[in-house]
Structure formats: C-alpha cells, structure tokens
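Reading the structure
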Amino acid sequence: MEQVIDQPPLAWPDHQAVAHLPGSLPMGGVVPMTPVHAFVQTPDLLRWPVHTGLQPKRHDIDLGGLLAFVIKDLVTDPEADAIVAASERMGYRDEAPGIATPPGMRMNKSVHWMADEAMMAPLFERMAPLLPSRMGDAVLLPALSHRINMYRYDDSDVFNLHTDGSWPGYSLSEDRTQMQVWDESIQSCLTMLLYLNGEADGVQGGQTRLFRPDGSPVDVSPVKGSALFFRHGFGRDSVRHIGCVVRGPVSKYVARINVMYRSG
C-alpha cells in the first residue's frame, strides 16, 4: 500500500499596514490610526485560477425597479475559507478604517486589507459576463478595486439600515508598502457582498435585507461562495439595506468588494 504523508499547511506570509485612516467605532468615536493591511507577498492560497469548474449564474431580484442581483457559484469553498483565514490573521477590530457611520449603525467587527491581481483578476473574469456593461454614462472597468472591506458578525451583531457610499479604486504599490488611489474618473457603482459562509455552515440569521422604493423588504440569505450585487451611492437608484442580526456561536463572514466604472 502506498504510504500517505501528511503535508504541512501552506504558510501565510507576514502582513503589514499599507495605510492608516481614521476608523469609526460602533457606538461613536474615532480611532485616528486604523490600519489597512496587505501581505508582504502574495499568499499561495490567494493565487486563484480563472476556471474552477464552477458555473456562475446570475439571478435578478425584483426590487421595484432598483438594481440588485445574486451571482451563485462564484468562488469555491477553499477560496472562501482562504479569505476568512487571511482576514483573521490580520485581525478584526471594532473600528473600521475610512468608514464614517453614526453611533449604533455598524455593530460588527471589521478589517480592511489589500489583495492583488493574483486573486482579483481571476475573480473579475468569472463574473464579468454577468455584470452590467454600463451604469448611466459610465462604462464597466475590467478590474475590481483591490481593497477588501471585511466584516465579521458575531452573536447579536447587526448592520442597521444604511446606504453604501461610492468609492474610488485602490491597489497596492509595486513594492507592496502603500495603498494607491486610482484615477478620479474611476468610481464604484455596485457593491459586491461576497458571502464566505452561510446557513449550511451553521450561521443563524445574517440575511441582507434590501428595501424597494415603497419600503417593502426582500431578504437574501448568505450562501457560501455566492455574491449579492446592488446599486450604491446616494442617488435615487441606490439600495437601502440592513445586515440582519446574527444569533448563535457561528460568526458570519462577508467581504465588500467594489465594482468599478469609468466616466467621461
């Protein structure tokens, strides 16, 4: 019989702060120097192929004329697990860098970090055919922002009613020591909420509750490897939503990633 030799787990490289921003606390107040992290080199577990055997499919949500949809089978279970492991290595905090929320709105834990092309380019290629090619006068940029805003919902955590703001694009400097801002003609138009676990993994609650213009709700349950997309910014087309409360011992993990468009 062939001998099976256990392989050691792949080591994670060190990480460092590539930016420091004011970070808002859940119940008010600001921590002045809240870090945004990056690994000093690309982790093996975050080098993704374009093709995985998954078949991403888009499902549009009836939101009374507002834009929202789910893409299923976007990342594999090991890929989702790798993002969670990466975020835990960097460490969750009460404060969120560069996020300004009023007291009592964002009641969860946060860590922001910078990925790179080895992960973000394949992820974009998987979803690109299913994304809107235009948002008004803006054209889809063939790249996602590399800044990942991670949120962990522990027992009783919630993100109360809010609208997501639009963001510039970000990437790492060539030496991986600084967060760089993209050209001002590039802005996000869609929030992508990548679910990294869900009910099948023991999460209780944690739905994303979207609201139609008439105020009626639509709940989207987190499913590991799927992503919810919706229009953001502060216009009439933006989608108000809640990250519903999580109950029980299993934390919910979600990554906000921004889909970018170029105007002009």
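Residues numbered from 1 in each chain as written. Predicted model: local features only at pLDDT ≥ 70, side-chain atom pairs only at ≥ 80, totals over all residues. Heavy atoms only, no water.

Throughout the structure, instances matching the rule amount to 12 salt bridges. Across the pair Arg-152 and Asp-154 runs a salt bridge whose closest N-O atoms are separated by 3.0 Å. Just as Arg-152 is buried, Asp-154 falls in that class too. The shortest N-O distance in the salt bridge between Asp-164 and Arg-256 comes to 3.7 Å. Of the two residues, Asp-164 sits in the loop between strand E11 (158-162) and strand E12 (170-172) while Arg-256 sits in strand E21 (residues 252-262), which places them 92 residues apart along the sequence. A relative accessible area of 8% means that Asp-164 is categorised as buried. Put simply, Glu-88, Lys-109, Arg-152, Asp-154 and Asp-157 are held in one network by salt bridges that share partners. (Salt bridge = Lys/Arg side-chain N within 4 Å of Asp/Glu carboxyl O. Buried < 20%, exposed > 50% of the residue type's maximum accessible area, 1.4 Å probe, protein only. Helix = DSSP H or I, 4+ residues; strand = E, 2+ residues; numbered from the N terminus.)

Inspection of the secondary structure puts Thr-34 in strand E2 (residues 30-39). For Thr-34, a relative accessible area of 0% puts it in the buried group. Here the side chain of Thr-34 touches Val-31 through a polar contact of 3.1 Å, landing on its backbone oxygen. Sequence-distant contacts of Thr-34, defined by excluding residues within four places in its chain, comprise Ala-19, His-20, Leu-21, Pro-22, Gly-23, Arg-93, Glu-95, Ala-96 and Pro-97. (Polar contact = N/O pair within 3.5 Å; in protein donor to acceptor, adjacent residues only side chain to side chain. Contact = heavy atoms within 4.5 Å.)

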